[in-house]
Amino acid sequence: MIKIFQISSEVNSGSVGRIAEHIGEKIIDNGWESYIAYGRDHNPSKSNVILIGNKTSLISHGLKTRLTDRHGFGSVAATKKLIKTIKEINPDLIQLQHLHGYFVNIEILFNFLSEFNKPIVWTFHDCWSFTGHCAYYEFVDCHKWKTECFKCPQTHDYPQSYIDQSTRNFRDKKRIFNSVENLTIVPVSNWIGDQVKESFLKNFRVHTIHNGIDIEKFAPQNAESIKEKYNLKNKFVILGVASPWSERKGLKYFVELSKNISDDYQIILIGLNDEQIKKLPSNIIGVKRTENIKELAEFYSVANVFVNPTLEDTFPTTNLEAQSCGTPVITFKTGGAPEAIDENTGIVVEKGNVQGLLDAIQEIKKNGKQFYTKECRKRAELKFNKNNRFQEYLDLYCDILKLN
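Residues numbered from 1 in each chain as written. Predicted model: local features only at pLDDT ≥ 70, side-chain atom pairs only at ≥ 80, totals over all residues. Heavy atoms only, no water.

Draft legend 1. Here's a closer look at the overall build of the protein. Summing up its helical and strand segments, the protein has 15 helices and 13 strands in all. For 404 residues, the compact-globule formula gives about 22 Å, and the C-alpha radius of gyration of the protein, at 21 Å, lands near that figure. Working note: accessible area of the protein is about 17,300 Å², and carbon and sulfur atoms make up 46% of it. Averaging the coordinates of the 52 positive side-chain charges in the protein and doing the same for the 48 negative ones gives two points 3 Å apart. (Helix = DSSP H or I, 4+ residues; strand = E, 2+ residues; numbered from the N terminus. Rg over C-alpha atoms; globule rule 2.2 N^0.38 Å. Areas by Shrake-Rupley, 256 points an atom, 1.4 Å probe, with all protein chains shown as cover. Lys, Arg positive; Asp, Glu negative; His and termini not counted. Charge placed at Lys NZ, Arg CZ, Asp CG, Glu CD.)

What follows is the structure in structure tokens.
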């Protein structure tokens, strides 16, 4: 029986963890065995799950990163134990998701992978794999990663550090990640695929697979309970969803919007922490992160428009989830975010343009949500159904393993 072994920061939690879970489900449906080794958060999974390290090793790796800027070079014992488990299972193919997140040692892992000589598929959800420090660089408009990182402008951002070793990290990653031969890189958007082709990983096979979602769970819902709970009757609801709401997710643009809308509108933001909720203007409703997909789908459904003013992103699944619930999307022209929508399901606004956001909201309000709902749902069914998107992984595995 074919065995696929995934390594992921999370399993069935958060966008990356849910993608790992969906891939695992397709593997199982195909009659194969699915294993997911994970570093932190998890929810119940249909796959065989293996915890990498423990809370102590996570904290130790995080501290090493903070003090030395060597994210990805901690977790020595945890990674050696992981390798032992991989040898015991002896999978036919290894699927990598996020390798950052303080849970695995990339040098030890890739030294093993180069010797193990099994096919590797690596999904790129962000840009960390080909930079000397950061996971995203659009916000600071940095292009050093194309040649060699130095004097990193984002050492104080994730993965946060007190010092800068971006040049050393860049050189080490270039050496380590190019040490394997049978590697296929799977960007989650055409945009990140184009970035990979300009990076030190440009010689590997690149095969883009857009993210998929569960369109049965993310579907138009009866959201009367949400309307009543938050007093939304006769309100035009503007929804934002992120976790965490870092600066790059555009929280400040909702604050700006709140200054320029009447009482006919209601902004709701989901995924905020307690401190952020305390600081919100009085006309914004703040809700903490929820793992309850039904509740999240109800919020998407009650919204008249979903606004995603992200300043750097690869292919945000929130844009897919909103459309799948029949809600049009307004997004900044950022990374792969515009790839999720078309002229029938939303509006793309130039990055940082608050007036552009307001104009787009007014246009959707003028047309009415119903003008977009059918096309939104249709686009989700055609392009973002997880059963189709994650089948592409199975097709890719079969191609790599030379199976019919």
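Draft legend 2. Just the side chain of Asp172, in detail. Tracing the backbone through its elements, the reader meets Asp172 in helix α5 (residues 166-177). The buried category is assigned to Asp172, whose relative accessible area is 13%. Polar side-chain contacts of Asp172 include one of 3.2 Å to the side chain of Arg175. Asp172 has contacts with Arg70 and Phe73, leaving out every residue within four places of it along the chain. (Buried < 20%, exposed > 50% of the residue type's maximum accessible area, 1.4 Å probe, protein only. Polar contact = N/O pair within 3.5 Å; in protein donor to acceptor, adjacent residues only side chain to side chain. Contact = heavy atoms within 4.5 Å.)

Draft legend 3. Spotlight on the sheet that holds strand β10 (residues 284-288). Pairing within the open sheet is parallel, and its six strands lie in the order β10-β9-β8-β11-β12-β13. Because the sheet does not close on itself, it has two edges, and the strands there are β10 and β13 (346-349). Averaged over all pairs of adjacent strands, the angle between strand axes in this sheet comes to 20°, irrespective of strand direction. In the sheet, strand β9 (residues 265-272) pairs with β10 via five bridges, with the strands oriented parallel. (Pairing = 2+ DSSP bridges. Axes fitted to C-alpha atoms, helices over the stretch in contact; angles between N-to-C directions.)

Draft legend 4. Fine view of the side chain of Ser324. Note that Ser324 resides in helix α11 (residues 317-324). On the basis of relative accessibility, which here comes to 0%, the residue Ser324 falls in the buried class.

Draft legend 5. Geometry of the pairing of strand β2 (residues 33-38). Across the six residues of β2, five count as buried, placing the element largely inside the fold. Pairing between strand β1 (residues 3-8) and β2: six bridges, direction parallel. In the sheet register, Ile4 faces β2, and the bridge partner there is Ser34. Pairing analysis gives four bridges linking β2 to strand β3 (residues 48-51), with the strands arranged parallel. Bridged to Tyr38 within β3 is Leu51.

Draft legend 6. Region of the structure containing a nonpolar patch on the surface. Residues Leu63, Leu67, Tyr162 and Ile163 make up a contiguous nonpolar surface patch of about 410 Å² in total accessible area. For Ile163, the position within the fold is in the loop between β5 (120-124) and α5. (Patch = residues over 30% accessible without salt bridge, like charges linked within 9 Å, V, L, I, M, F, W, Y side chains within 5 Å. Salt bridge = Lys/Arg side-chain N within 4 Å of Asp/Glu carboxyl O.)

Draft legend 7. A look at the sheet that holds strand β6 (residues 183-187). As summarised here, the arrangement of the seven strands in space is β3-β2-β1-β4-β5-β6-β7, forming an open sheet in which the pairing is parallel. The strands lining the two open edges of the sheet, one partner per strand, are β3 and β7 (205-206). Packed on one face of the sheet, helix α4 (residues 106-116) meets β1, β4 (93-96) and β5 and runs near 150° to β4.

Draft legend 8. A look at the pattern of salt bridges. Per the counting criterion, the structure on display carries 19 salt bridges. Between Arg171 and Glu148 there is a salt bridge, with its nearest N and O atoms 3.0 Å apart. With Arg171 in helix α5 and Glu148 in the loop between β5 and α5, this residue pair connects regions lying 23 residues apart in the sequence. Note that Glu256 and Lys259 form a salt bridge whose closest N and O atoms lie 3.3 Å from each other. Classification of Glu256 as partly exposed rests on a relative accessible area of 32%. Since its relative accessible area comes to 59%, Lys259 is described here as exposed. A cluster of three or more residues bridged by salt bridges with shared partners is formed by Arg70, Glu107, Asp172 and Arg175.

Draft legend 9. Representation of helix α15 (residues 391-401). Three or more residues of α15 are buried, namely Tyr393, Leu394, Leu396, Tyr397, Cys398 and Ile400. Directly beyond the C-terminal end of α15, a positive phi value near 60° is found at Lys402.

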